[in-house]
Amino acid sequence: MPSNKLKNKDFFSLASWLNLLHFEPPEYTQEPPLPTLLDNKYIQIKRSTRARRLALRVDFKDRVIYLVVPKRTALKKAYAFAHANSDWIDEQLENMPDAIPYEDGAVLPLFGQDTQLDITYDSGLKRTTIALINNQLVIRTNKEDPSGRIERFLRQMAKDKFAALSHEKAGIIGKKVAHVTVRDTKTRWGSCDENGRLSYCWRLIFAPYDAMDYIVAHEVAHLEHLDHSTAFWNVCRDLSDNYVDGYYWIHNNGCELMRYGKAA
Ligand SMILES: [Zn+2]
């Protein structure tokens, strides 16, 4: 999609948002609002009561870089800090994977299998139907933007798969899974509590199979060891199809999972 690329380039250019810093606000009859960089969707100011110092944080899920400003720090100082780190900001923006919205023709890797979205809009339809047929996700919809429906479908698919795999792996070590949920977490791919309830980031559906399989093995291994001891890692490795590749993929590329379904 060449037009997308161009658009992103505009947003990514540091010059375009630095210009905003020198933007002269119009005359206000009241106290002017705090100047913000909000016009650039990739940079957002976050006032924090907890932060002790100025910081820049890349948030792959929100697809922005947060300029974190402690409560008592002047915005002028925050802007100077952002200026001083402009090279770093440019580098992060360049490395942020392009968004892949749920559009007709888009390709999503589902459980490691490239799957193309085939979306047909028809205002005469009574409801939206979604079906996975071979390597296509076929969507017939009366909604101009069926993104929400598509995401619900994918979440359910993820939940079914993660639950089935969790039960299967738990069976191998003679443990029981109490409950499986999926969430839209930012960096935590899975969790397991002392009552045997497992939770996964539904976006693991977009990860290569080995990475998803490793996360499930990891959480199921916690049913036996609620720590990260050597004994735990031994169980985790035994329950994984490809422990090494899965582990490294998720640690190095986890942010990739956040790009799907987001606005370009
Ligand atoms: Zn763990």
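Below is a summary of the structure that appears in this document. Keep in mind it's a predicted model, so treat the numbers as computed, not measured.

### Focus: the overall build of the protein chain
A tally of helices and strands in the protein chain yields 8 helices and 10 strands. Considering only contacts within the protein chain whose residues lie at least 6 apart along the sequence, 44% involve residues at least 24 apart.

### Here's the deal with the packing of helix α6 (residues 209-221) against helix α7 (residues 230-239)
At a minimum axis separation of 8 Å, α6 and α7 run at an interaxial angle of 140°. It follows that α6 is oblique to α7 by the angle criterion. Considering the relative orientation of α6 and α7, their crossing is right-handed. Between α6, through Ala217, His218, Val220 and Ala221, and α7, the contact on the second element is made entirely by Phe232, Val235, Cys236 and Leu239. Tallied by class, the residues present in the contact of α6 with α7 amount to 7 nonpolar, 1 polar and no charged.

### Observations regarding the sheet that holds strand β8 (residues 179-183)
Taken together, 3 strands build an open sheet; the order of strands is β8-β10-β9 and the sheet is mixed. Two strands bound the open sheet, and with one partner strand each, they are β8 and β9 (190-192). Neighbour-to-neighbour, the strand axes of the sheet open up by a mean angle of 15°, direction not taken into account. Across 5 bridges, β8 lies against strand β10 (residues 197-201) in parallel orientation. Bridge assignment links His179 to a residue of β10, and that residue is Arg197.

Procedures and definitions
Residues numbered from 1 in each chain as written. Predicted model: local features only at pLDDT ≥ 70, side-chain atom pairs only at ≥ 80, totals over all residues. Helix = DSSP H or I, 4+ residues; strand = E, 2+ residues; numbered from the N terminus. Contact = placed C-beta atoms within 7 Å. Axes fitted to C-alpha atoms, helices over the stretch in contact; angles between N-to-C directions. Parallel < 35°, antiparallel > 145°, perpendicular 65-115°, else oblique. Left-handed = near helix turned anticlockwise from the far one by under 90°. Nonpolar A, V, L, I, M, F, W, Y, C, P; charged D, E, K, R; others polar. Pairing = 2+ DSSP bridges.

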